[in-house]
Amino acid sequence: MKGYFSMVFSSSGTVHRSTVTGTHGMTASGHPLASLAGLKILMQGGNAIDAAIATAAALNVVEPYMSGIGGVGYMHIYDSATDEHSVLDYVGLTPSSTDISLFTTELQSRGPLSHLIPGACSGWLEALQKYGSLDATTVFQPAIEYAEQGIALTVKNAEFFSGNIADLKKFQTGAENYLVNNTSPTCGDIIFQKNLAETFRQIANEGSEIFYTGSIAKKITKYVQDQGGLLTLEDLNDYRSKWTKPIDIKYRDYTIYAPAPPCQALQYLQTLKIMEGYDVQGMGHNSTEFLHHFIEATKLSMADRAEYASLSNAPSKSLLAEQYIKERRLLIGKNAGYTGGERFTSQKERNEILPGQPPEWMLNECTTHFNTIDKDGNAVSCTQSLGSGFGSAMVVPGTGITLNNFMKWFDIDPLSPNAIGPSKKIEMCLSPAQVWDDYGLRLLIGTPGGHGILQTTPQMIMNVLDHDFNVQSAIEAPRVKTGQPGYLVDIESRINTSVQKELEKRGHILNQLGDWSPAVGGGQGIHINPENGSFMGGADPRRDGYVLGW
């Protein structure tokens, strides 16, 4: 075999948690109870897809600010029986009556104008129907039990709750559903979600039709319209999740798969292709040379992503073509370049890093991530979200369904290809990854983090592929993130002080995040041993990430 994965599991890198191993199945998610839900299903004879849907539903209960049935996501499924890679896109469209003139930054961020059509219900049941082996009632049961019997909040739970109290109080149903005596719950408080339990029970029994055409659909649209929103029954009736194929790149001896545009994974694929031209291992982990080149490569790929990823005919192949990547790599100098930021801007500044012009093209958060795998090799890498914490902060009365606020991720600059419009697909940051070599699957990995997903993901991947870190240490290692206009770089303080001083000499302006910051994500990963097929899992201590295997 080629590459670092030809070796048995590495013990390289510093870890603050013990690594988790298994042979029959594994679940890595953003919360221990969600991982337990997936593991229960695996131990009952379910496959990785069954476990994934159980995990997704459980996350709705135990991380209600991150994701849920009123949200959206991308799920990359590998089916070992057919040797087939499929990406299930359950990112909803904007309502058909959407008009950009209705929106301000505030109105697109919270409240009744901020929703995309909720896609998760369609996605979960579609994945289960096509690839699952158990019935929906069995798969939803762990989540139903958590919601009905209550869950005790962790320290991280309480922190995320506290940051969203003001917005939840703007909408009576949000406060009623999540607050304890109209105040922020604290660590150890028990949260019950009995309406959500009943919703899950109805969906498990009756299918997605009840959500999109039946009684739940009517409750959703009545509530939204009563609050002045745009979502209609017809919007829900017409929605279907969509099966697509992933795009991929070769990175050294590996193939890295990610969802196709308008998924923004295009950015980290391009970053990795630029970094492939350097001796990343030789530079040393988180050295001055590595971090400088990574930051600058990120700025280049960010500019291209913002310009092209949301186009209906996004030039993915051209943007990832070897010659174009070489040309972009030549733009990286000794000192920091100026970035225009993570969003599209129609007015470019004089010294801003600009998007390139790929030749063929010229011719023609709050978020959660989880992975599951079973003994037969079926595997799922999934990232899903409500948008901001608790999404729109609106909970549909009597259902426990928190609606997303992904209208926030559109631009209100009408010149942007990602501008708000009717029945429109959004440029989406959710970007699960799978890494393969010539002999099979080697790594499932991903993270929450908004636009930072596109920077945390390649750092974790290079930690494994180039630096031979085991998956837990690859996730724990300190990170950087750029993206604000100018030269600013967010940096975890564990990175060597001398390296930080050298980066500053090169023009980077460093913003200290502290030693461990959820601002740079909360990654989960599963590494597959090429010699015997066993699993090693990693989960991020920056949030409530947890791995369970057997």
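Residues numbered from 1 in each chain as written. Predicted model: local features only at pLDDT ≥ 70, side-chain atom pairs only at ≥ 80, totals over all residues. Heavy atoms only, no water.

(A) Quick look at the layout of surface pockets. Volume-wise, the largest pocket comes out at about 320 Å³. Taken together, 17 residues line the largest pocket, and the ones lying closest to its centre are Ser122, Glu126, Ser208, Glu209 and Arg240. Elements that contribute at least two residues to the lining of the largest pocket include exactly helix H4 (120-131), helix H9 (194-206) and helix H10 (209-212). Take the lining of the largest pocket: its biggest share by element is five residues, from H4. Class assignment of the residues belonging to the lining of the largest pocket gives a composition of seven nonpolar, seven polar and three charged. (1 Å grid on protein atoms, 1.4 Å probe; cavity = no way out; pocket = protein on both sides within 12 Å on 5 of 7 lines; lining within 4 Å. Points joined across faces, edges and corners; volume = space filled by probe spheres on them. Helix = DSSP H or I, 4+ residues; strand = E, 2+ residues; numbered from the N terminus. Nonpolar A, V, L, I, M, F, W, Y, C, P; charged D, E, K, R; others polar.)

(B) Quick peek at the nonpolar core. By size, the foremost hydrophobic cluster in this structure holds 74 residues, and its most contacted members are Val61, Met75, Trp124, Phe140, Phe200, Phe211 and Ile220. The biggest single contributor to this core is helix H2 (residues 48-62), with 11 residues. Every residue in contact with phenylalanine 211, bar those within four places of it in the chain, is listed here: Ile69, Pro118, Cys121, Ile203, Ile216, Ala217, Ile220, Leu236 and Ile401. (Core = buried A, V, L, I, M, F, W, Y, C linked by side-chain atoms within 4.5 Å. Buried < 20%, exposed > 50% of the residue type's maximum accessible area, 1.4 Å probe, protein only. Contact = heavy atoms within 4.5 Å.)

(C) Molecular detail of the side chain of glutamine 459. Looking at where glutamine 459 falls in the secondary structure, it is placed in helix H19 (residues 453-465). A relative accessible area of 4% places glutamine 459 in the buried class. Aside from chain neighbours lying at most four places away, what touches glutamine 459 is Phe294, Arg479 and Val480.

(D) Spatial organisation of the pattern of salt bridges. Inspection of the entire model under this criterion finds 21 salt bridges. Among the salt bridges present, the one from glutamate 502 reaches lysine 505, with a minimum N-O distance of 3.3 Å. Taken together, the positions of glutamate 502 and lysine 505, both in helix H21 (residues 497-505) and three residues apart, correspond to about one turn of that helix. When salt bridges that share partners are traced, they join Arg479, Glu492, Arg494, Asp540 and Arg542 into one network. (Salt bridge = Lys/Arg side-chain N within 4 Å of Asp/Glu carboxyl O.)

(E) Spotlight on unusual backbone geometry. Residues proline 261 and proline 262 are joined by a peptide bond in cis, for which omega reads 15 degrees. In this structure, arginine 252 takes a positive phi of about 55 degrees despite not being glycine. When its relative accessible area of 29% is taken as the criterion, arginine 252 is described as partly exposed. For asparagine 286, which is not glycine, the phi dihedral falls at a positive 50 degrees.

(F) Here's a closer look at the environment of glycine 68. Its place among the elements puts glycine 68 in the loop between H2 and strand E3 (72-79). Assessed through its relative accessible area of 5%, glycine 68 is described here as buried. Placed 11 residues apart in sequence, glycine 68 and alanine 57 show a C-alpha to C-alpha distance of 6.9 Å. Residues contacting glycine 68, with those up to four places away along its chain left out, are Asn60, Ala120, Trp124 and Leu386.

(G) Structural view of the state of the cysteines. Taken as a whole and assessed by the stated rule, the structure comprises zero disulfides. The closest cysteine sulfur to the non-disulfide-bonded cysteine 366 is located on cysteine 429, 11 Å from its own sulfur. Looking at the unpaired cysteine 429, the closest cysteine sulfur is the one in cysteine 263, lying at 8.3 Å. (Disulfide = S-S within 2.5 Å.)

(H) Expanded view of the packing of aromatic side chains. For the coordinates displayed, the defined rule picks out 15 aromatic pairs. Ring centres of phenylalanine 161 and tyrosine 178 lie 6.2 Å apart, and the angle between their planes is 75 degrees; on these two criteria the pair is classed as edge-to-face. Here the residue phenylalanine 161 occupies a position in helix H6 (residues 155-162), and tyrosine 178 occupies one in helix H8 (residues 172-178), the gap between them amounting to 17 residues. For the pair phenylalanine 161 and tyrosine 178, a shared accessibility class is recorded, and that class is buried. Judged by centre distance (4.7 Å) and plane angle (50 degrees), the ring pair of tyrosine 178 and phenylalanine 390 falls under tilted. Look at tyrosine 178 and you get buried, because its relative accessible area is 1%. Clustering of aromatic rings is evident, with ring pairs tying together Tyr65, Phe160, Phe161, Tyr178 and Phe390. If you follow lysine 194 out to its NZ or CZ, it ends over the ring of phenylalanine 192, 5.7 Å from the centre. Arginine 494 extends its terminal NZ or CZ atom over the ring of tryptophan 516, reaching a point 3.5 Å from the ring centre. (Phe/Tyr/Trp six-rings, centres within 6.5 Å; stacked < 30°, edge-to-face > 60°. Lys NZ or Arg CZ within 6 Å of the ring centre and 35° of its normal.)

(I) Fine view of the sheet that holds strand E1 (residues 20-22). One open sheet accounts for seven strands, arranged E1-E20-E19-E15-E14-E9-E8; its pairing is antiparallel. Single-partner strands in this sheet number two, and they are E1 and strand E8 (247-251). Strand-to-strand twist in this sheet, taken as the mean axis angle between neighbours without regard to direction, amounts to 20 degrees. Here strand E19 (residues 524-528) pairs with strand E20 (residues 535-539) via five bridges, running antiparallel. (Pairing = 2+ DSSP bridges. Axes fitted to C-alpha atoms, helices over the stretch in contact; angles between N-to-C directions.)

(J) Spotlight on the sheet that holds strand E7 (residues 242-244). Here seven strands make up an open sheet; going across it, the order is E7-E4-E3-E11-E10-E2-E21 and the pairing antiparallel. Single-partner strands in this sheet number two, and they are E7 and strand E21 (546-549). Across the sheet, the mean angle from the axis of one strand to that of its neighbour is 15 degrees, orientation sign disregarded. In the sheet, strand E10 (residues 366-374) pairs with strand E11 (residues 379-387) via eight bridges, with the strands oriented antiparallel. From the neighbouring strand, phenylalanine 370 faces E11, where its bridge partner is cysteine 382.

Bear in mind that shape data such as this cannot, by itself, settle questions of function.
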